[in-house]
Amino acid sequence: MAIEFSLIIPTYNRIGALRHCLKHIERLNFPQKNFEVILVDDGSQDETSQLKAETFPFNITIIHQPNSGTSTARNRGIMAAKGLICMFVDDDVMLHPNLLLEHQRLHKAEPNLVVRGPVINFASLPCPLDSDDELLASALAASDKLKQTANQQLRQVSGSDPTLGTANLATASFLSSGAPQLAHSHKKGGGLFAGLADLWKEWSGSDWHMFKHFSMNYLCTSNASLYRHHLIAAGLFDTSFPRWEDAELAVRLKRLGLKRRFSLEAIVYHLKPPETWEARIRTAQKDGASAAELYLRYPSFLMRLRSGLHWANSWRNNLFTQGPWQKMLVTSARGESKVFPQKFAQDMLIEKAYLEAGLDRLKRTQSF
């Protein structure tokens, strides 16, 4: 029988999380002869190079390349794939045992699809799927490795050693502290709400609380699948986009006529330690510039609105981030004053960074 799914996983210096991700792939409720893993090592300098294909019970191809970015790595994986359908996951996500079954169900029901599912963030290992001794042992080993790497990152305050990646110090500090994981169980109310939730689950087969993990994003490389020939026809990922490369590819896939289907049953869990708001500001600046690049490539009124890079958002944000409120907003964001709620202050400054980076990019092309 032909290989149905090719799981494409780019990785860079995350051997701890990667090993646990691969352990969960072993637990998939799907015939191992019907899927393969294409692992693309993007120039890692940790123990990733020591992984051997023959040590895994499923088909796996391990490709090593010089550090070139995730888009190049995913394209390399697509070209090496033998499966009919490419399934994108990341090296720090843990797959629900029924993930491939649910993606398969939707692809069989309707042609020409991009299938998506929830990406549920959690702060530290173990994850909610680590339900037996073997998985818990794997999670403990992965957690220990993450802490070891984090301790090394904390010692590199100057950031002069690039070999361990670019994790921010707050994330490293959180991991190295051995902080307990966040509660993963959904809080369920009693009384009428609980009764309605139970009725919904009995009728639909889905947990009411999963709706908060619904996403409107057309494509997300942590949990998405589509036929390989559609990716080839669309032209693969654009390696010139430092971020938002999935959003750019989504535009071309839509133009091919592919529809998006989102299943609440197609679940992955994403290891996402907390970041400082300063680190989030740096990310927002990159996102703003990427949003501007996306609009410049596909200019339209709707794309401008979806990017958020327009006068209405700027005016609203400037009410708080300029003039007499600016200093109080910054001190509130740092927790040094309580004029504004800290989360509100941080969110406003993060949005400001996004808008400034994006609008500056547009102004330089006389598009605003």
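## Examining the pattern of salt bridges
Summed over all chains, the structure comprises 21 salt bridges. For Arg-27, the salt bridge goes to Asp-132, with nearest N and O atoms at 2.7 Å. Placement of the pair is Arg-27 in the loop between helix 1 (15-26) and strand 2 (35-42) and Asp-132 in the loop between strand 7 (119-122) and helix 4 (133-154), with a sequence separation of 105 residues. Here Arg-27 falls in the partly exposed class, since its relative accessible area comes to 27%. On the basis of relative accessibility, which here comes to 26%, the residue Asp-132 falls in the partly exposed class. Ionic pairing is found between Asp-360 and Arg-364, a salt bridge with its closest N-O pair at 3.2 Å. Judged by relative accessible area, Asp-360 falls into the partly exposed class, the value being 39%.

## Observations concerning the pairing of strand 6 (residues 113-116)
Of the two faces of strand 6, the one holding Leu-113 and Val-115 and the one holding Val-114 and Arg-116 are both buried throughout. Note: strand 6 against strand 9 (residues 259-262), four bridges, orientation parallel. The residue bridging Leu-113 from the neighbouring strand is Lys-259, located in strand 9. Where strand 6 and strand 8 (residues 224-227) come together, two bridges link them in antiparallel fashion.

## Looking at the sheet that holds strand 8
Strand order in the open sheet formed by seven strands is 3-2-1-4-8-6-9, with mixed pairing between adjacent strands. Each edge of the open sheet carries a strand with a single partner, namely strand 3 (59-65) and strand 9. Direction aside, the axes of adjacent strands within the sheet are offset by 20° on average. Both strand 4 (residues 85-88) and strand 8 contribute to a ladder of four bridges, which runs antiparallel. Of the residues in strand 8, the one forming a bridge with Phe-88 is Ala-224.

## Remarks on the packing of aromatic side chains
Counting across every chain of the model gives nine aromatic pairs. Seen in terms of ring centroids, Trp-325 and Phe-340 are 5.6 Å apart; in terms of plane orientation they differ by 65°. Their pairing is edge-to-face. In this pair, Trp-325 sits in helix 12 (residues 325-333) while Phe-340 sits in the loop between helix 12 and helix 13 (342-363), placing the two residues 15 residues apart along the sequence. Look at Trp-325 and you get partly exposed, because its relative accessible area is 38%. Each residue in the set Phe-5, Phe-30, Phe-35, Phe-56 and Phe-58 is aromatic and connected to the rest through ring pairs, giving one cluster. The positively charged end of Arg-74 is found above the aromatic ring belonging to Phe-237, 5.9 Å away from the centroid. Sitting above the plane of the Tyr-295 ring, Arg-304 keeps its charged end 4.8 Å from the centroid.

## Considering the sheet that holds strand 10 (residues 268-271)
Strand pairing in a sheet relies on backbone hydrogen bonds. The paired strands run either parallel or antiparallel. Judged by pairing direction, the sheet is mixed, and its three strands sit side by side in the order 5-10-7 without closing on themselves. Of all the strands in the sheet, just strand 5 (93-95) and strand 7 have a single pairing partner and so form its edges. Going across the sheet, the axis of each strand differs from the next one's by a mean of 30°, ignoring polarity. Bridge analysis of strand 5 against strand 10 gives three bridges, and the strand direction is antiparallel. Paired with Val-93 across the two strands is His-270, which belongs to strand 10. Packed on one face of the sheet, helix 1 meets strand 5 and strand 10 and runs near 10° to strand 5.

## Observations concerning the packing of helix 11 (residues 311-321) against helix 13
Their axes nearest at 10 Å, the elements helix 11 and helix 13 cross at an angle of 130°. Judged on the interaxial angle alone, helix 13 and helix 11 are oblique. Helix 11 and helix 13 meet at a crossing whose hand is left-handed. The segment helix 11 lies against helix 13, with Asn-313, Ser-314, Arg-316, Asn-317, Phe-320 and Thr-321 engaging Phe-344, Met-348, Leu-349, Glu-351, Lys-352, Leu-355 and Leu-359.

## Things to note about unusual backbone geometry
Of note, the amide linkage connecting Leu-125 to Pro-126 takes the cis form, showing an omega dihedral of 5°. Mapping Pro-126 onto the fold places it in the loop between strand 7 and helix 4. We note that Leu-236 has phi near 65°; this positive angle belongs to a residue other than glycine. With respect to the element layout, Leu-236 can be found in the loop between helix 7 (228-234) and helix 8 (245-255). We classify Leu-236 as buried; its relative accessible area is 14%.

Thresholds applied
Residues numbered from 1 in each chain as written. Predicted model: local features only at pLDDT ≥ 70, side-chain atom pairs only at ≥ 80, totals over all residues. Heavy atoms only, no water. Salt bridge = Lys/Arg side-chain N within 4 Å of Asp/Glu carboxyl O. Helix = DSSP H or I, 4+ residues; strand = E, 2+ residues; numbered from the N terminus. Buried < 20%, exposed > 50% of the residue type's maximum accessible area, 1.4 Å probe, protein only. Pairing = 2+ DSSP bridges. Axes fitted to C-alpha atoms, helices over the stretch in contact; angles between N-to-C directions. Phe/Tyr/Trp six-rings, centres within 6.5 Å; stacked < 30°, edge-to-face > 60°. Lys NZ or Arg CZ within 6 Å of the ring centre and 35° of its normal. Contact = heavy atoms within 4.5 Å. Parallel < 35°, antiparallel > 145°, perpendicular 65-115°, else oblique. Left-handed = near helix turned anticlockwise from the far one by under 90°.

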